[in-house]
Amino acid sequence: MRIQQIRAMARKEWWHLFRDPRSLALMLLMPSMLLFLFGYAIRLDVVEAPIGVLQESHDSLANDLLARIEASHAFHVVAHFNNRRQLKQAIQDGTVWAALVIPHSYAADLIQGKAKLQLILDGVDANSARLVRNYLLGLINDYAMTLNGAQPPIQLEDRTWYNESKESRYAIMPGVIAIVMAVIGALMTSLTVAREMELGNLVMLRTTPLTRGEFLVGKLTPYLVIGTLDLLAAVAAAVYIFDVPLRGPFLGLALVSVLFLLVVSMQGALISLIAGNQLLASQMALISTFLPAFLLSGFIFAIQNMPAVLQYLTLIVPARYFVTLSKAIFLKGTTPFLLWGELTALCVMTVLLAAVLFARSKKLGLLK
Amino acid sequence: MTETSNNQPVITAQQLVRRFGHFVAVNNVDLAVNRGEVFGLLGANGAGKTTTLRMLCGTLPPSSGTVTVAGVDMVHHARRARGRIGYVTQRFALYGDLSVLENLDLQAGLYGMVGKHKQERLNWGLQHLQLNTDRNTKAGQLPLGYQRRLAIAAALLHEPDILFLDEPTSGLDPLARQQFWELIYELAESGIGILVTTHYMDEALFCDHLAMMEAGNIVARGTPAELLAHPIPTPILELRSRSCAKCAGWLADWTEIREIIPHVGRLRLRLQPATDQASLITRLQTMATQHGITIDAIEAVPPDLEDVFVAVLESAEQSAEETAA
């Protein structure tokens, strides 16, 4: 490995990157788009869920209950129905996620201690339905207790560590960084080797004293630099725009991110090498890197809840280890060395991929 | 040119063989290119020129045989040997989205050049191949001729001992082709060896030495003069007339004529070996008069390079058939 040759390749790759509008878009727009998309669009908690009310009883007790619901940030009463037909229509249209029916006999039943409320949920979005139901159940239980004026015999005092306010984006943002890295690392590098093969530049490179190690290192360097810059931007956005606390050491996060970046970019280069053309390579990268990082990393879907087969499959997804590390550093404030299992897994993957990549690059026909 | 060549081979290939499975693409090729010499490798597509070239450049390992560049063994010391060669591919293989200067800069880096020396060589390349005004133009936007110039500049930056040019003039217009050959001569005069592959027979005449390839073998070699002096069994007649196309029509089934090669305003007739030329000319003139065609001239002419090539191929085939029988 000679520094001159590596530098020449890296510089050339850098020039390509900034001339190609597609790579520029991938580099700059995609990460910010992903951050904002996930930062704002994915909400795993209920805020201002639109609900409707069919109030058959208009006495003060019913009004009191309603006031409670409207005061909560979880719900926003957007419709007051006059009859069941309107209620049905509103759920059908999707203007409300749920409808609460306060029956005629509400006040009378309440005094006897056997009041019933009906909740009708739109089950098309099962997740939202479940969330709305649980929130409302909690709210009504609390309310019922205040009416009783008595403490219930058992009380659950819950504290959610690391995320007191149970903000779902606290858990999402550290994972989004994994997705951003996977995009930069794998999608972009998957194009790079294939391009040289497709456009015939290799024919020229083969007659130069460039070795395949120099070729690979030179080619991947710009992506590692850009990936690191994107990482800094993503962390800054998470901390300053989305108010996610970074409790662990920043350097620790940087270390594991660069390690992860190294793994995914080598994965991308390997795919590129095997595919040999840009179209196939980008599709393979999407399926083998981006989607697993998205679905199998525990970023949104908890690995423990997956079927056993999928759980084993996640073991070969590098994003899984990174997401665990990233979440722990962000929210638990651990240093990466405490999670040595995940750290080792990433290191092993780095070494393995480097070996396979080097062996496979024989195909390029460059000097050894 | 022969004055400047000093009979010191910059590249020597000995008993070069390349097999792909059972197919022998290159069979026992020996060749040597001297400093200051333009060596032409001739042959149709598929004759084994490119395979030979790839072995000479070290991008394809030979099945057997040796290649030595400036005293360095190509197979065992590939990295050192590559520093001694420059290769210009037939298809443009530099980067179209990089400027002329950036492409040269990359090339200089790949050969490990730095600092002042690198600057000097870049300037040399830009000046010498008249690329200075286009230094910031994207290579992909250059006309074909200038892309080739850039490719040559890139291949010469590291001052190789030998330059390989794979079909350097294909696709160029006649003027650009002529300029190209002037450039090639100039480079050879500066003392490097040049190996050119071509299938243009008229261009082959510009080479100092020629090797004709067919089916993986070198079937003839020598200077153009030596090859032209090669006695060929099939005499050539040249016929000048304004109605060549008509003549070609009724000459087509004359058994004495092996091949009719049309040119503008003339026909070259390749006769069967041992044809009585005088009687053929008489018969031809009589026939022409009957058809009302004026023949301006008909005479025996010396063979050109293509005729020699065809004759050599035919005799090679014949001897192959005899060996088989």
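Provided above is the structure to which this section pertains.
Keep in mind that what you see is a predicted model, and the values were worked out from it rather than measured. (Residues numbered from 1 in each chain as written. Chains lettered and ligands numbered in written order. Predicted model: local features only at pLDDT ≥ 70, side-chain atom pairs only at ≥ 80, totals over all residues.)

Caption draft 1: Layout of the overall build of chain B. Looking only at helices and strands, one finds eleven helices and 14 strands in chain B. Seen through its principal axes, chain B has C-alpha atoms that stretch 80 × 50 × 40 Å. A burial count over chain B gives 40% of its 325 residues as buried. (Helix = DSSP H or I, 4+ residues; strand = E, 2+ residues; numbered from the N terminus. Buried ≥ 20, exposed ≤ 12 C-beta atoms within 10 Å, placed from the backbone.)

Caption draft 2: Expanded view of the overall build of chain A. From N to C terminus, chain A includes 14 helices and four strands. Relative to the 2.2 N^0.38 estimate, which gives 21 Å for 368 residues, the radius of gyration of chain A is 27 Å and therefore markedly larger than a compact globule would have. Burial analysis of chain A (368 residues in total) assigns 38% to the buried set. If you take every contact in chain A between residues at least 6 apart in sequence, the share linking residues at least 24 apart comes to 80%. (Rg over C-alpha atoms; globule rule 2.2 N^0.38 Å. Contact = placed C-beta atoms within 7 Å.)

Caption draft 3: Spotlight on the nonpolar core. If you look at the biggest cluster of nonpolar residues, it comprises 149 residues, and the most contacted ones within it are Ala178(A), Met181(A), Ala182(A), Phe164(B) and Ile194(B). Per-element tally for this core: the top contributor is helix α7 (residues 168-199) of chain A, with 19 residues. Non-local contacts of Phe164(B), meaning those with residues more than four positions away in its chain, are made with Leu53(B), Leu56(B), Cys57(B), Ile85(B), Gly86(B), Tyr87(B), Val88(B) and Leu195(B). Counting 20 residues, the second-largest nonpolar core is a separate cluster that includes Ala49(A), Phe75(A), Ala90(A) and Ile102(A). (Core = buried A, V, L, I, M, F, W, Y, C linked by C-beta atoms within 7 Å.)

Caption draft 4: Representation of helix α1 (residues 49-57) of chain B within the structure. Most of α1(B) is tucked away, with nine of its nine residues classed as buried. Directly beyond the C-terminal end of α1(B), a positive phi value near 85° is found at Gly58(B).

Caption draft 5: Seen up close, the interface of chain B and chain A. Each partner contributes to the interface: chain B provides 22 residues, whereas chain A provides 20 residues. It is helix α3 (residues 100-110) of chain B that provides the largest number of residues to the side of chain B that touches chain A, a total of four residues. For the side of chain B that touches chain A, the class distribution of residues is twelve nonpolar, five polar and five charged. (Nonpolar A, V, L, I, M, F, W, Y, C, P; charged D, E, K, R; others polar.)

Caption draft 6: Spatial organisation of the sheet that holds strand β11 (residues 236-241) of chain B. All names here are of chain B. With antiparallel pairing, four strands are arranged side by side in an open sheet as β12-β13-β11-β14. A strand with exactly one partner marks an edge of an open sheet, and here the two such strands are β12 (257-263) and β14 (295-301). Strand-to-strand twist across the sheet, computed as the mean angle between neighbouring axes with direction ignored, equals 20°. Two elements, β12 and strand β13 (residues 266-271), share six bridges in a ladder whose sense is antiparallel. Bridge pairing links proline 262 to leucine 267 in β13. The sheet contacts of helix α9 (residues 244-251) involve β11, β12 and β13, and relative to β12 the element is tilted by about 165°. (Pairing = 2+ DSSP bridges. Axes fitted to C-alpha atoms, helices over the stretch in contact; angles between N-to-C directions.)

Caption draft 7: Molecular detail of the sheet that holds strand β2 (residues 23-34) of chain B. Residue and element names in this part refer to chain B. The four strands are arranged β2-β1-β4-β5 in an open sheet whose pairing can be described as antiparallel. The sheet is open, and its two edges are formed by β2 and β5 (72-73), each paired on a single side. Alignment of strand β4 (residues 64-69) against β5, held across two bridges, turns out to be antiparallel. Among the inter-strand pairings, threonine 68 is bridged to a residue of β5, identified as aspartate 73. The strands touched by α1 within the sheet are β1 (9-20), β2 and β4, with β1 carrying the most contacts at an inclination of about 125°.

Caption draft 8: Structural view of unusual backbone geometry. All names here are of chain B. The phi torsion at glutamine 15 lies on the positive side, around 45°, for a residue other than glycine. When you line up the elements, glutamine 15 lands in strand β1. With 12 C-beta atoms counted inside 10 Å, the residue glutamine 15 sits in the exposed group. One non-glycine residue with positive phi stands out, namely alanine 274, at about 60°. Within the secondary structure layout, alanine 274 lies in the loop between β13 and α10 (277-290).

Caption draft 9: Representation of the packing of α7(A) against helix α13 (residues 318-332) of chain A within the structure. Residue and element names in this part refer to chain A. It is at 9 Å that the axes of α7 and α13 come closest, and there the two elements cross at 140°. As summarised for this structure, α7 and α13 are arranged oblique, according to the angle between their axes. For the crossing formed where α7 meets α13, the hand is right-handed. Contacts between α7 and α13 involve Tyr170, Ala171, Pro174, Gly175, Ile177, Ala178 and Ala182 from the former and Ala319, Phe322, Val323, Ser326, Lys327, Phe330 and Leu331 from the latter. Within the contact of α7 with α13, the residues separate by chemical class into eleven nonpolar, two polar and one charged. (Parallel < 35°, antiparallel > 145°, perpendicular 65-115°, else oblique. Left-handed = near helix turned anticlockwise from the far one by under 90°.)

Caption draft 10: Representation of the packing of α7(A) against helix α9 (residues 212-241) of chain A in the model. Residues and elements named next belong to chain A. Running from amino to carboxyl end, α7 crosses α9 at an angle of 160°, the nearest separation of the two axes being 10 Å. With respect to α9, the axis of α7 lies roughly antiparallel. Both α7 and α9 take part in a crossing whose hand is right-handed. Residues Met173, Val176, Ile177, Val180, Met181, Ile184, Gly185, Met188, Thr189, Thr192 and Val193 of α7 form the contact with α9, whose participating residues are Lys219, Leu220, Tyr223, Ile226, Gly227, Asp230, Leu231, Ala234, Val235 and Ala238.

Caption draft 11: Inspection of the pairing of β1(B) at higher detail. Residues and elements named next belong to chain B. Of the pairings in the sheet, the one linking β1 to β2 comprises eight bridges and is antiparallel in character. Across the sheet, residue alanine 13 finds its bridge partner in β2, namely leucine 31. Counting the residues between successive antiparallel strands, the hairpin from β1 to β2 contains two residues, one of them, glycine 21, with a positive phi of roughly 65°. Relative to β4, β1 runs antiparallel, the two being bridged by five bridges. Opposite valine 17, over in β4, you have serine 64 as the bridge partner.

Geometry only, nothing functional implied.
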